[in-house]
Amino acid sequence: MFEKVLEEIKKYKKIIIHRHTKPDGDALGSQLGLKYILEENFPEKEIFVVGDTTERYAFMADDPMDDIQDSAYDGSLAFVLDTSAKSLISDSRYALAEKTIRIDHHIFVEEICDIEITDTTFESCCGMIAEFARETCLKLNSKAAKAIYTGMVTDSGRFRYDSTNSRTFALASFLTKQEFSTNDIYKNLYSDDFAFIRLRAQFVLKIQFTEKNVAFIYTEKEEAKSFGVDIFSISRGMVATMSDIKGVDIWVNFTETEDSVLCEIRSSKYNINPVAVKYGGGGHAKASGATLKNREEAMMMLDDLNKITEE
């Protein structure tokens, strides 16, 4: 699957790696993991990583994102990782590159790059990067393995989601042949200070239910500001507060910003992706997201999610 990717990498002196905006562990893990793999195997090449950052996953990066000029894209190869749609790419300058490659595990939405490698059977984009290294016999170092393993952990829900399979564990085994501490990963991912635990408790008290038992949280922008945390910690960070409620098969977290409503949808049973796509978003069958215009549109989405439970 990845032979063509390796061929293109060998052709280019400059390689620039992109991923989706508002990055999660999988986006950063695949981006940094690929960077470290390429640096290990092709030390003569210039490897750059670009995009916005988030405080939640700052521990993953030893170095900050690169600040590069447009001219850096001249004669370069650009990767777009873990991204299903052009509108979600952090830094649209990937299109300035001479050749572009996408590696992604989301449900296909549109063509983005010259070379498209998408496979929804992978639990994470990090899993695809691990398979790339394994299939092409590229050397791993501990930094690459740790970054990729972290993304696999986050996107598989600590290997609990049903996207996890025997290949997931085979690739995790492949990565852990390198020396790194999984304790460090889990401590950074799942240990919170007391203030954040209190915040999560506040969100538990905000949970509401539709007549079809779809759980949801709606946070207005002024309230979101009052919590004193970044928007990612509210939007993506609090959706899991509804994940283990008995009798709830669909749950959604709405978070107002200055000009939109961020939406994170999850399900343990139904394919909610078509609803996300209807509102301009995307993702996976049971974990998707979208950016909505206003509260009215959020309530329309809730109606659509209610209808799924009737099918």
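See the structure above.
Conventions and cut-offs
Residues numbered from 1 in each chain as written. Predicted model: local features only at pLDDT ≥ 70, side-chain atom pairs only at ≥ 80, totals over all residues. Heavy atoms only, no water. Helix = DSSP H or I, 4+ residues; strand = E, 2+ residues; numbered from the N terminus. Buried < 20%, exposed > 50% of the residue type's maximum accessible area, 1.4 Å probe, protein only. Pairing = 2+ DSSP bridges. Salt bridge = Lys/Arg side-chain N within 4 Å of Asp/Glu carboxyl O. Expected span 1.5 Å × (residues − 1). Phe/Tyr/Trp six-rings, centres within 6.5 Å; stacked < 30°, edge-to-face > 60°. Core = buried A, V, L, I, M, F, W, Y, C linked by side-chain atoms within 4.5 Å. Contact = heavy atoms within 4.5 Å. Axes fitted to C-alpha atoms, helices over the stretch in contact; angles between N-to-C directions. Parallel < 35°, antiparallel > 145°, perpendicular 65-115°, else oblique. Left-handed = near helix turned anticlockwise from the far one by under 90°. Nonpolar A, V, L, I, M, F, W, Y, C, P; charged D, E, K, R; others polar. Arc of directions from axis to C-beta. Polar contact = N/O pair within 3.5 Å; in protein donor to acceptor, adjacent residues only side chain to side chain.

Caption draft 1: Looking closely at the environment of Asp63. With respect to the element layout, Asp63 can be found in the loop between strand 2 (46-49) and strand 3 (77-81). In the structure, Asp63 is positioned 199 residues away from Leu262 in sequence and 28 Å away in space, judged by C-alpha atoms.

Caption draft 2: Structural detail: the pairing of strand 5 (residues 115-118). Only one face of strand 5 is buried: it carries Ile115 and Ile117, and the other face, with Glu116 and Thr118, is open. As paired strands, strand 4 (residues 99-104) and strand 5 are joined by four bridges and run parallel to one another. Across the sheet, residue Asp104 finds its bridge partner in strand 5, namely Thr118.

Caption draft 3: Inspection of the pattern of salt bridges at higher detail. Evaluation of the coordinates by the stated rule reveals 23 salt bridges. The partner of Glu46 in a salt bridge is Lys13, with the nearest N and O atoms 3.2 Å apart. With Glu46 in strand 2 and Lys13 in the loop between helix 1 (3-11) and strand 1 (14-19), the pair connects residues that are 33 residues apart, well separated along the chain. On the accessibility criterion, Lys13 (54% relative accessible area) is exposed. Among the ionic pairs, Glu258 bridges to Lys225, the shortest N-O distance being 2.6 Å. Here Glu258, found in the loop between strand 8 (250-256) and strand 9 (261-267), pairs with Lys225, found in helix 8 (residues 221-226); they are 33 residues apart in sequence, far enough to count as distant. A single network of salt bridges, built from pairs that share partners, joins Lys4, Glu8, Lys11 and Lys99.

Caption draft 4: Summary view of helix 2 (residues 25-41). The end-to-end C-alpha separation of helix 2 is 24 Å, in line with the 24 Å expected for 17 residues at 1.5 Å each. When you tally the buried positions in helix 2, you get 15 out of 17 residues, the bulk of the element.

Caption draft 5: View of the packing of aromatic side chains. Counted according to the given criterion, the structure contains nine aromatic pairs. Between Tyr57 and Phe59, the ring centres sit 6.5 Å apart and the planes meet at 40 degrees, which makes this aromatic pair tilted. On the accessibility criterion, Tyr57 (9% relative accessible area) is buried. We classify Phe59 as partly exposed; its relative accessible area is 27%. Three or more aromatic residues joined by ring pairs form one cluster here, namely Tyr149, Phe159, Phe169 and Phe180.

Caption draft 6: Highlighting unusual backbone geometry. Within the chain, Asp91 stands out as a residue other than glycine whose phi angle is a positive 85 degrees. By the secondary structure assignment, Asp91 is in the loop between strand 3 and strand 4. On the basis of relative accessibility, which here comes to 23%, the residue Asp91 falls in the partly exposed class. Unlike most non-glycine residues, Cys137 shows phi in positive territory, near 60 degrees. Within the secondary structure layout, Cys137 lies in the loop between helix 3 (125-135) and helix 4 (142-155).

Caption draft 7: Structural detail: the nonpolar core. Formed by 52 residues in total, the largest nonpolar core has its most connected members in Ile9, Ile17, Phe79, Ile103 and Leu175. What Phe79 contacts, discounting residues up to four positions off in sequence, is Val5, Ile9, Ile15, Ile16, Ile17, His18, Leu34, Ile101 and Ile103. The next biggest cluster of nonpolar side chains, apart from the first, holds 21 residues, and it includes Val214, Cys263, Ile265 and Ala298.

Caption draft 8: View of the sheet that holds strand 6 (residues 208-209). The strand order across the open sheet formed by six strands is 6-7-8-9-11-10, and the pairing between neighbours is mixed. Whereas interior strands pair on both sides, the edge strands pair on one side only; in this sheet they are strand 6 and strand 10 (282-283). Bridging between strand 8 and strand 9 involves seven bridges; their strand directions are antiparallel. Each residue of the ladder has a partner; that of Thr255, found in strand 9, is Leu262. Contacts from helix 11 (residues 295-308) reach strand 7 (215-219), strand 8, strand 9 and strand 11 (287-292) within the one sheet, and its direction differs from that of strand 8 by about 175 degrees.

Caption draft 9: Just the packing of helix 2 against helix 3, in detail. In contact at an axis separation of 8 Å, helix 2 and helix 3 are set at 20 degrees when each is read in the N-to-C sense. One element, helix 2, and the other, helix 3, form an angle in the roughly parallel class. Classified by chirality, the crossing of helix 3 by helix 2 is left-handed. Here Asp26, Gly29, Ser30, Leu34 and Ile37 of helix 2 lie close against helix 3, whose contacting residues are Cys125, Cys126, Ile129, Phe132 and Ala133. A class-by-class count of the residues in the contact of helix 2 with helix 3 yields seven nonpolar, two polar and one charged.

Caption draft 10: Representation of helix 5 (residues 166-175) in the model. Turning to helix 5, its buried residues number three or more, namely Thr168, Leu171, Ala172, Phe174 and Leu175. For helix 5, the buried positions fall inside an angular range of 155 degrees around the axis, keeping them on one side. Lining the buried residues of helix 5 we find helix 3 and helix 4. Two or three places before Arg167, at the opening of helix 5, Asn165 has a side-chain oxygen 3.0 Å from that residue's backbone nitrogen.

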